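Chain residues, written in single-letter form:
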Amino acid sequence: MISIFFGSFLVGLSGAVAPGPLMMIAISQSAKGWKNSIKLISGHVVLEAFLVLLLVLGFQWVLKSPLVTKVIGLLGGSFLAFMGISQLTAIKGEISQVEKNDLKIPLPITGALVSLSNPYFLLWWMSVGSAFLVKAQTSFLAGVTAFYFGHILSDILWYSLIGVFGNTILKSSLIYKIVMAVTGLFLIGFGLFFVLDSLR
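Everything quoted here is computed from the prediction, not taken from an experiment.

I would appreciate a short explanation of the side chain of Ser-37 in the present structure.
Locating Ser-37 in the fold gives a position in helix H3 (residues 35–56). Here Ser-37 falls in the buried class, since its relative accessible area comes to 0%. Among the polar contacts listed, one links the side chain of Ser-37 to the backbone oxygen of Tyr-159, at a separation of 2.7 Å. Every residue in contact with Ser-37, bar those within four places of it in the chain, is listed here: Ala-26, Tyr-159, Ser-160 and Gly-163.

Could you clarify how one ought to interpret a nonpolar patch on the surface in this entry?
On the surface, Leu-67, Val-71, Leu-74, Leu-75, Leu-192, Leu-196 and Leu-199 cluster together into a nonpolar patch covering about 700 Å² of accessible area. For the nonpolar patch, the secondary-structure elements that each account for two or more residues are helix H5 (66–90) and helix H10 (173–198). By relative accessible area, which is 33% here, Leu-74 ends up partly exposed.

What should I look at first to understand the pattern of salt bridges in this one?
Once the charged atoms of two side chains with opposite charge are near each other, the side chains can pair. Scanning all chains against the criterion turns up 1 salt bridge. Between Arg-200 and Asp-197 there is a salt bridge, with the nearest N and O atoms lying 3.3 Å from each other.

It is not clear to me how the nonpolar core should be interpreted in this structure. Could you clarify?
Side chains of nonpolar character tend, in soluble globular proteins, to be buried together. Ranked by internal contacts, the top residues of the largest apolar core, which has 39 residues, are Leu-51, Val-52, Leu-63, Val-114, Trp-125, Phe-147 and Tyr-159. Listing elements by their share of this core, those giving two or more residues are helix H2 (21–30), H3, H5, helix H7 (107–117), helix H8 (119–136), helix H9 (140–169) and H10. Top contributing element to this core by residue count: H3, with 8 residues. Tyr-159 has contacts with Ala-16, Leu-22, Met-23, Ala-26, Ser-37, Ile-38 and Ile-41, leaving out every residue within four places of it along the chain.

Explanation requested: H8 in the structure shown.
For an α-helix, the turn length of 3.6 residues means that residues three or four places apart are oriented alike. The end-to-end C-alpha separation of H8 is 24 Å, in line with the 26 Å expected for 18 residues at 1.5 Å each. Where H8 bends most, the angle comes to about 40 degrees, and this point is Gly-129. Considered for burial, the residues of H8 that qualify are Pro-119, Phe-121, Leu-122, Trp-124, Trp-125, Met-126, Gly-129, Ser-130, Leu-133 and Ala-136. Taking the backbone nitrogen of Tyr-120 as reference, a side-chain oxygen 2.9 Å away marks Asn-118 as the first, capping residue of H8.

Got a minute to help me understand the packing of H2 against H9 in this structure?
For any two helices packed against each other, the geometry comes down to the angle between their axes and how far apart the axes lie. Running from amino to carboxyl end, H2 crosses H9 at an angle of 40 degrees, the nearest separation of the two axes being 8 Å. Viewed along their axes, H2 and H9 adopt a mutual orientation that is oblique. In this structure, the crossing between H2 and H9 has a hand that is right-handed. Contact with H2, carried on its side by Leu-22, Met-23, Ala-26, Ile-27 and Ser-30, involves Trp-158, Tyr-159, Ile-162, Gly-163, Gly-166 and Asn-167 of H9 and no other residues of that element. Here the residues of the contact of H2 with H9 are counted per class, giving 7 nonpolar, 4 polar and no charged.

How do you make sense of the confidence of the model for the protein chain when you look at a structure like this?
Detail in the predicted coordinates should be disregarded across regions flagged by low pLDDT. Per-residue confidence for the protein chain gives a mean pLDDT of 84, with 94% of residues at or over 70. The least confident element of the protein chain, judged by mean pLDDT, is helix H6 (residues 95–98) at 46; the most confident is H3 at 93.

Help me understand the packing of H5 against H7, please; the structure alone is not making it clear to me.
Where H5 contacts H7, the axes come no closer than 8 Å and their chain directions differ by 130 degrees. In terms of orientation, H5 lies oblique with respect to H7. Judged by residue contacts, Ile-72, Gly-76, Gly-77, Phe-79, Leu-80 and Met-83 of H5 engage Thr-110, Leu-113, Val-114, Leu-116 and Ser-117 from H7. Of the residues in the contact of H5 with H7, the class split is 7 nonpolar, 4 polar and no charged.

Looking at this structure, I do not really get the side chain of His-151. What am I missing?
Turning to its location among the elements, His-151 is positioned in helix H9. Apart from the residues lying within four places of it in its own chain, the contact partners of His-151 are Ser-8, Phe-9, Gly-12, Glu-48, Trp-124 and Trp-125.

About the cut-offs
Residues numbered from 1 in each chain as written. Predicted model: local features only at pLDDT ≥ 70, side-chain atom pairs only at ≥ 80, totals over all residues. Heavy atoms only, no water. Helix = DSSP H or I, 4+ residues; strand = E, 2+ residues; numbered from the N terminus. Buried < 20%, exposed > 50% of the residue type's maximum accessible area, 1.4 Å probe, protein only. Polar contact = N/O pair within 3.5 Å; in protein donor to acceptor, adjacent residues only side chain to side chain. Contact = heavy atoms within 4.5 Å. Patch = residues over 30% accessible without salt bridge, like charges linked within 9 Å, V, L, I, M, F, W, Y side chains within 5 Å. Areas by Shrake-Rupley, 256 points an atom, 1.4 Å probe, with all protein chains shown as cover. Salt bridge = Lys/Arg side-chain N within 4 Å of Asp/Glu carboxyl O. Core = buried A, V, L, I, M, F, W, Y, C linked by side-chain atoms within 4.5 Å. Expected span 1.5 Å × (residues − 1). Bend = angle between axes of the 7 residues up to and from the residue. Axes fitted to C-alpha atoms, helices over the stretch in contact; angles between N-to-C directions. Parallel < 35°, antiparallel > 145°, perpendicular 65-115°, else oblique. Left-handed = near helix turned anticlockwise from the far one by under 90°. Nonpolar A, V, L, I, M, F, W, Y, C, P; charged D, E, K, R; others polar. pLDDT = per-residue confidence, 0-100.

Here it is in structure tokens:
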């Protein structure tokens, strides 16, 4: 159980620290409070619980379906691009306006939607995640539980660090607007890439 837990933690951490759409939003949201990144990742964690359940029950074909991947790429990419444009639009106003949640979506739901919008998130679960889970299943429920909690601990710890770091350095209105602009451009870039990749 210990080896499964720590192995899952290290593998999960390698994915958590990789720059992606969720990290971009966590950075921009952390200026409003370090706990925002935790709220954001909570939706991601719940989504992963659902994915683990699907894989354990033998529904790998859902994640591997080319149609599912294309639909997620198109809709998810469009959603990310829209979020990026919303951020760029918001920074034209005052800092009080920038700090609003423009989409009016609760952060846990935003975290789940942004994760689901990323086709490479599902690709990770189809490959690395499912392979690791198969090994964990040899220890039955205890192994799956150790795998899941080891994995989400890496996400929670990393995004806690992002929240504290972001909340510390993004106090200046100018710095915050710059970060909002950069992360917004990255979101648009991710979105366009996912859309174009799904059209191949």
